[in-house]
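Residue-level structure breakdown
For reference, the chains in residue letters:
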Amino acid sequence: MPASPIATAATAAAALAATTLAGPLTPPPGAPQPTNKTLQQVEPRFPISQADTPFVIARAGSYYLTENLTPLATGSDCIRVVASDVTIDLNGFLITDSEIGIWDEGIDLAGDVSNVTIRNGTISNCEDAGVGGRIVPSTSATEITLEGVAIINCGFHGAVLGRGSIVRGCTFKQNASRGLWVGEASVVRDSVFNENGFLGLEADDQSAVISCTASLNGDDGFRVTRSTVMHCAASENAADGLSATESNLANCVARANTEDGFALFTSSASRCSSAANTLNGFAAIDSFITESSADSNTQSGFDITGTTVQRSHARANMAHGIDASTGDNVIDSNSVIANTIRGVFSASVSGNIVIRNTAIGNASNYTLSVSDSFGNPSSGSLSTAGPWANIQN
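Analysis parameters
- Residues numbered from 1 in each chain as written.
- Predicted model: local features only at pLDDT ≥ 70, side-chain atom pairs only at ≥ 80, totals over all residues.
- Heavy atoms only, no water.
- Helix = DSSP H or I, 4+ residues; strand = E, 2+ residues; numbered from the N terminus.
- Buried < 20%, exposed > 50% of the residue type's maximum accessible area, 1.4 Å probe, protein only.
- Contact = heavy atoms within 4.5 Å.
- pLDDT = per-residue confidence, 0-100.
- Pairing = 2+ DSSP bridges.
- Core = buried A, V, L, I, M, F, W, Y, C linked by side-chain atoms within 4.5 Å.
- Phe/Tyr/Trp six-rings, centres within 6.5 Å; stacked < 30°, edge-to-face > 60°.

**Digging into the overall build of the protein**
Scanning the protein from terminus to terminus reveals two helices and 43 strands. Counting the 393 residues in the protein, one finds 47% classified as buried. Of all intrachain contacts in the protein linking residues separated by at least 6 positions in sequence, the fraction that spans at least 24 positions is 28%.

Below is the structure:
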């Protein structure tokens, strides 16, 4: 019986596909030929091994660890960088020792170098800083990048980096002073600052701090000046959760810190939350706070001077919902609910503007000063309340 046209076509197509995809199985004749590439071309980076330490990087290029590095003698830096345009890949290895105080710095950066990248590894138990080597950012190496680095249990700061540095996905833990201190115009994101002896993170002018956490540090979790902080969380720090001077904060959380959740000085906070702090949820001077909440703090939800609080919420704080007793504040369109002493408290000689707020279930809803300008508190029908009235129940 002759094959059908369809079967014949399918067989031909399969044969063509096999011919097209299959390559020759016979190796070319003769011995394999050299590639004529040098070792530097095959692996164009410089290795660093235990035998090389202490190691000085004196020319630009890319370097990588081949093993863990442990100290051979006290009083030296494991790696010292005196050239710019350098990349150091820790390659998943450690620069460490079993006890603190052998290495001076894990990676020391000369103050005049720039554009150095350090990535992918752990530095621990250094006598001074894990990375850096200068006392303050203003004299430190600039444009430094840390990526995926953990710096743990160093005897000074975890790292001190100069202007224009970038820190991504790093951990700074149990260092004696600051976890990290960065100079102006730096970016720190997706990093963790835990159990450092002083500050978790300090960031100088024009820096950005994004999606970071700071917990159980010996002073403030975050301290920033003229900078932007977004999507950060500070908890159980021994002083303020987040202290900000002339800075902008958004979508941040502070909880269970020993002093104030947020300490604001000529700063703004938007959509932030502060709860269960030992002092106030927000302590603010000459600042602007909007769409934020303060809940169950041991003192007041908002303790303010010369500050505007708008469209925010204070609930179940042990003193006042909003304490405006020092005056020159604007308190507008907030809700204050179930605070232990007062919803809104003002005893100021200089006066406040208090309008369009809602107070429910506080021991005293409003205590206002004769110096204040306010919408008369109304507890009757809302249809008779004026547009500026403060509502209570």
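**A few points about the confidence of the model for the protein**
Scored by pLDDT, the protein comes out at a mean of 89, with 86% of its residues at no less than 70. Contacts of residues 5-10 to residues separated by more than four positions or lying in other chains number one contact, the stretch itself having pLDDT below 50. Note that residues 12-20 has pLDDT below 50 and, in this model, zero contacts with residues that lie over four places away or in other chains.

**So, the pairing of strand 38 (residues 342-345)**
As paired strands, strand 35 (residues 320-323) and strand 38 are joined by three bridges and run parallel to one another. If you follow aspartate 323 over to strand 38, its bridge partner there is phenylalanine 345. The sheet contact formed by strand 38 and strand 41 (residues 364-367) spans three bridges and is parallel. In the sheet register, phenylalanine 345 faces strand 41, and the bridge partner there is threonine 367.

**Focus: the nonpolar core**
Judged by nonpolar contacts, the single largest core of 73 residues is most densely connected at Ile79, Ile88, Ile107, Val131, Leu146, Leu180 and Phe222. If you tally residues by element for this core, the top one is strand 10 (residues 142-152), at four residues. The contacts of valine 131, once residues within four sequence positions are left out, are Ile107, Leu109, Ile118, Ile123, Leu146, Ile151, Gly158, Ala159, Val160 and Leu161.

**Quick look at the packing of aromatic side chains**
In this structure the tally under the stated criterion is six aromatic pairs. Note on phenylalanine 55 and tyrosine 63: the rings are 6.1 Å apart at their centroids and 65° apart in plane angle, and the pair reads as edge-to-face. An identical accessibility class is assigned to phenylalanine 55 and tyrosine 63; each is buried. Aromatic pair phenylalanine 172 and phenylalanine 193: ring centres 5.2 Å apart, planes at 5°, arrangement stacked. In this pair, phenylalanine 172 is assigned in strand 13 (residues 171-173) and phenylalanine 193 in strand 16 (residues 192-194), connecting sequence segments 21 residues apart. Judged by relative accessible area, phenylalanine 172 falls into the buried class, the value being 0%.

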